[in-house]
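Descriptive structure summary
One-letter residues, chain by chain:
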Amino acid sequence: SAVISQKPSRDICQRGTSLTIQCQVDSQVTMMFWYRQQPGQSLTLIATANQGSEATYESGFVIDKFPISRPNLTFSTLTVSNMSPEDSSIYLCSVGLYNEQFFGPGTRLTVL
Amino acid sequence: AQTVTQSQPEMSVQEAETVTLSCTYDTSESDYYLFWYKQPPSRQMILVIRQEAYKQQNATENRFSVNFQKAAKSFSLKISDSQLGDAAMYFCALRAGGTSYGKLTFGQGTILTVHP
C-alpha cells in the first residue's frame, strides 16, 4: 500500500488569502490527483499532477485559482488562491498504485 | 464521460444484520475498475473492496462482497454481520482506463447507520 501524508490537516483562513497544501507519498508515483469534497458532498477531481509537466485541470477548475506544483515523484502541492467561503472544503491528495487508489487524510479548510 | 449514481442517500441496519448498498454506473470504456470506499467521520478514505471489470467473479473481502452485474452496469455492496464500526459514508467509484486512467468518478455517497 501507499502511505500519504498531508499538511496542514486543517486550517481556518480569511477570505482573499491563499493556502498551500502539501502532499507527501512514501512511494514514487507518476501521477498524483487532487480532489475537493465540499461539505456533505462527494469527491470531485480538481486536477492531475504529473512530474515534469503542467497539471491537467478538470472542467470548472483553473490554474489561477488552484496552482499545483509537482517537483518530484513523491511530493505535490495544491494552492487555493484568493479564497472565498465557497472554497471551504476538504482537499484530498490521491495516488494510484498496484491498481488501487490511495488517499491522504485530507485537509479541512474553512474560509471566513 | 463517466457517471456513478448512488440512489440511497441514507441506509440503516441493525447490528449483526445484512445490508446492501446500491450503485449504478455508466462508462464507454471496456477496461475499468469499480471501488467501494468507506469514509468515517475522521474523513480518511478507506478502500473496502475493488472489482476489475474483466473479472466475472464477484469480489469478496471478509464480511464485504459485491454483486457486479456488468450488462446492467450495477455494482452493489453487501455488508454481512454489520458492526457498529461499519457506520460511515460509503462511496462507489469508477476508474476507467485510456485517457481517464487514474481518475476516479464518485457517486453521491450513502450514509450508513448501524443500530445496536
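The notes below deal with the structure included here. (Residues numbered from 1 in each chain as written. Chains lettered and ligands numbered in written order. Predicted model: local features only at pLDDT ≥ 70, side-chain atom pairs only at ≥ 80, totals over all residues. Heavy atoms only, no water.)

1. Some thoughts on the overall build of chain B
Quick reminder of the rule: Put simply, DSSP marks the helices as runs of H or I at least four residues long and the strands as runs of E at least two long, and each gets a number from the N terminus on. The atom set for the radius of gyration is the C-alpha atoms, and the globule formula is 2.2 Å times the number of residues raised to the power 0.38. Buried means the residue's accessible area, taken with a 1.4 Å probe over protein chains only, is under 20% of the maximum for its type, while exposed means over 50%, and partly exposed covers the values in between.
Tallying secondary structure elements over chain B gives 0 helices and 12 strands in all. For chain B, the N- to C-terminal ordering of α and β elements is β-β-β-β-β-β-β-β-β-β-β-β. Whereas a compact globule of 116 residues would reach a radius of gyration of roughly 13 Å, chain B reaches 14 Å, a difference of no more than 12%. Principal-axis analysis of the C-alpha atoms places the extent of chain B at approximately 45 × 30 × 20 Å. The buried share of chain B, taken over its 116 residues, is 50%.

2. A few points about the sheet that holds strand S8 (residues 75-80) of chain A
Residue and element names in this part refer to chain A. Definition in use: Two strands make a pair as long as DSSP finds a minimum of two bridges between them. Only the stretch in contact is used when a helix axis is fitted, and all axes are lines through C-alpha atoms; the angle between N-to-C directions ranges over 0 to 180 degrees.
The sheet built from 4 strands is open, its strands ordered S1-S3-S8-S7 with antiparallel pairing. Since the sheet does not close on itself, it has two edges, and those belong to strand S1 (4-7) and strand S7 (68-72), each with one partner. Going across the sheet, the axis of each strand differs from the next one's by a mean of 15°, ignoring polarity. Pairing between S1 and strand S3 (residues 19-25): 4 bridges, direction antiparallel. Its bridge partner lying in S3, Ser5 is registered against Gln24.

3. Here we look at the interface of chain B and chain A
The condition that has to hold: Any two residues whose heavy atoms approach within 4.5 Å are treated as being in contact. The term buried area refers to how much accessible surface (probe radius 1.4 Å) is lost by two components on association, counted for both of them together. Salt bridge, as used here, is a side-chain nitrogen of Lys or Arg placed within 4 Å of a carboxyl oxygen of Asp or Glu. Ten residue types, Ala, Val, Leu, Ile, Met, Phe, Trp, Tyr, Cys and Pro, are classed as nonpolar, four, Asp, Glu, Lys and Arg, as charged, and the remainder, Gly among them, as polar.
Facing the 18 residues of chain B at the interface are 24 residues of chain A. Across the chain B to chain A interface the summed buried area is about 1800 Å²; carbon plus sulfur atoms make up 48%. Sorting the residues of chain B by area buried against chain A places Arg43, Lys103 and Phe106 of chain B first, and these three jointly supply 33% of that buried surface. There are 2 salt bridges connecting chain B and chain A. The partner of Lys103 of chain B in a salt bridge is Glu58 of chain A, and the shortest N-O contact between them spans 3.1 Å. Among the secondary structure elements, those contributing two or more residues to the side of chain B that touches chain A are strand S5 (32-39), strand S6 (46-52), strand S10 (88-96) and strand S11 (104-106) of chain B. Of the residues forming the side of chain B that touches chain A, the biggest block, 4 residues, is contributed by S5 of chain B. Taken together, the residues that form the side of chain B that touches chain A break down as 9 nonpolar, 5 polar and 4 charged.

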